[in-house]
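Descriptive structure summary
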Amino acid sequence: SRVIPKALLTSYGIVFVLSLLAIFGVACHYPGVHPSLGQTLFVIQYGLADATDMNPKYYPLLLLPPTLASATGYLFAAGNQLAAMSESGLMPSILQPRFGKDQIPVVSMVACGSAQFLVYYMIRVFEPKIFILSAQIWSISAPWLFVLICVSFIAFRVKFSAIQRNFVSPLGIPGAAFGVLCWTFMAMATSYHGFQPNTKAIKAFYIFMSIMVVYYFAYVRHVQFFSKEEQEKFMKVYTLNA
């Protein structure tokens, strides 16, 4: 309520409406409308081709605004995530510094953005096919991320019901439970062989997650600690719960 810019919230609202329209548009197409959809990352270009007479070389101009908005949102989230993890001992302490009245994690955002540019540069230069593979891995990992977010919401609502919140979801636990069902279904669908004919992405994702689980239980849980912010917000709640 204090940090996220109003322009970004407005963009999210517009994207939400457009997403509903996109789902409606996809559902209205007859099966097999574009056989090549499975071979491209830019599926929206076929919709633009059907809806307009625009020269295909101008399609990127229409794709640029939502791409920049999405990148800004992910950078905002990733920067704060890295900073919070470093403050709890999960990441190097060099990522902790925050600046300005809104305590923006500049170092974490720069590190995150630099890593992303480096990875995508290497993908595009050395092995273009990996770009397709990375997109397939993202399509599997994103739904599971949202599942865990909903599970975390339920856990916090149950275990820390007394904590003060700047925003309270009007849908509550039932809404989060519905989200878990939806995103689990999507995660299963994106792992389906028909959607992922190349199983390399599926194997890569679950192998990576397995390594992260082992890494957490073998090392991270022994060195992590409550950050100053967590202590301020949760110690009172722990006392009330006790």
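This text goes with the structure placed above it.
So, here's what we can say about the structure. (Residues numbered from 1 in each chain as written. Predicted model: local features only at pLDDT ≥ 70, side-chain atom pairs only at ≥ 80, totals over all residues. Heavy atoms only, no water.)

**Overview of the packing of helix 3 (residues 59–87) against helix 4 (residues 106–126)**
Relative to each other, helix 3 and helix 4 sit at 120°, their axes nearing to 8 Å. Here helix 3 is positioned oblique relative to helix 4, judged by the angle of their axes. Seen from above, helix 3 lies across helix 4 with right-handed handedness. Contact residues: helix 3 offers Leu75, Phe76, Ala78, Gly79, Leu82 and Ala83, while helix 4 offers Ser108, Met109, Cys112 and Gly113. (Axes fitted to C-alpha atoms, helices over the stretch in contact; angles between N-to-C directions. Helix = DSSP H or I, 4+ residues; strand = E, 2+ residues; numbered from the N terminus. Parallel < 35°, antiparallel > 145°, perpendicular 65-115°, else oblique. Left-handed = near helix turned anticlockwise from the far one by under 90°. Contact = heavy atoms within 4.5 Å.)

**Quick word on helix 7 (residues 200–223)**
For helix 7, with 24 residues, the first-to-last C-alpha span of 33 Å sits near the 34 Å given by 1.5 Å per residue. A maximum bend of about 45° is found in helix 7 at Tyr216. (Expected span 1.5 Å × (residues − 1). Bend = angle between axes of the 7 residues up to and from the residue.)

**Looking at a nonpolar patch on the surface**
A cluster of nonpolar residues, Ile207, Phe208, Met209, Ile211, Met212, Tyr215, Tyr219 and Val223, forms a patch on the protein surface that exposes about 740 Å² of accessible area. Relative to the helices and strands, Val223 resides in helix 7. Residue classification places Val223 among the partly exposed positions, given a relative accessible area of 31%. (Patch = residues over 30% accessible without salt bridge, like charges linked within 9 Å, V, L, I, M, F, W, Y side chains within 5 Å. Areas by Shrake-Rupley, 256 points an atom, 1.4 Å probe, with all protein chains shown as cover. Salt bridge = Lys/Arg side-chain N within 4 Å of Asp/Glu carboxyl O. Buried < 20%, exposed > 50% of the residue type's maximum accessible area, 1.4 Å probe, protein only.)

**Describing the side chain of Glu87**
In this structure, Glu87 sits in helix 3. For Glu87, a relative accessible area of 16% gives the class buried. A distance of 2.9 Å separates polar atoms of two side chains, one belonging to Glu87 and the other to Arg98. Those residues in contact with Glu87 that lie beyond four places of it in its chain are Gln96, Arg98, Phe225, Ser227 and Glu229. (Polar contact = N/O pair within 3.5 Å; in protein donor to acceptor, adjacent residues only side chain to side chain.)

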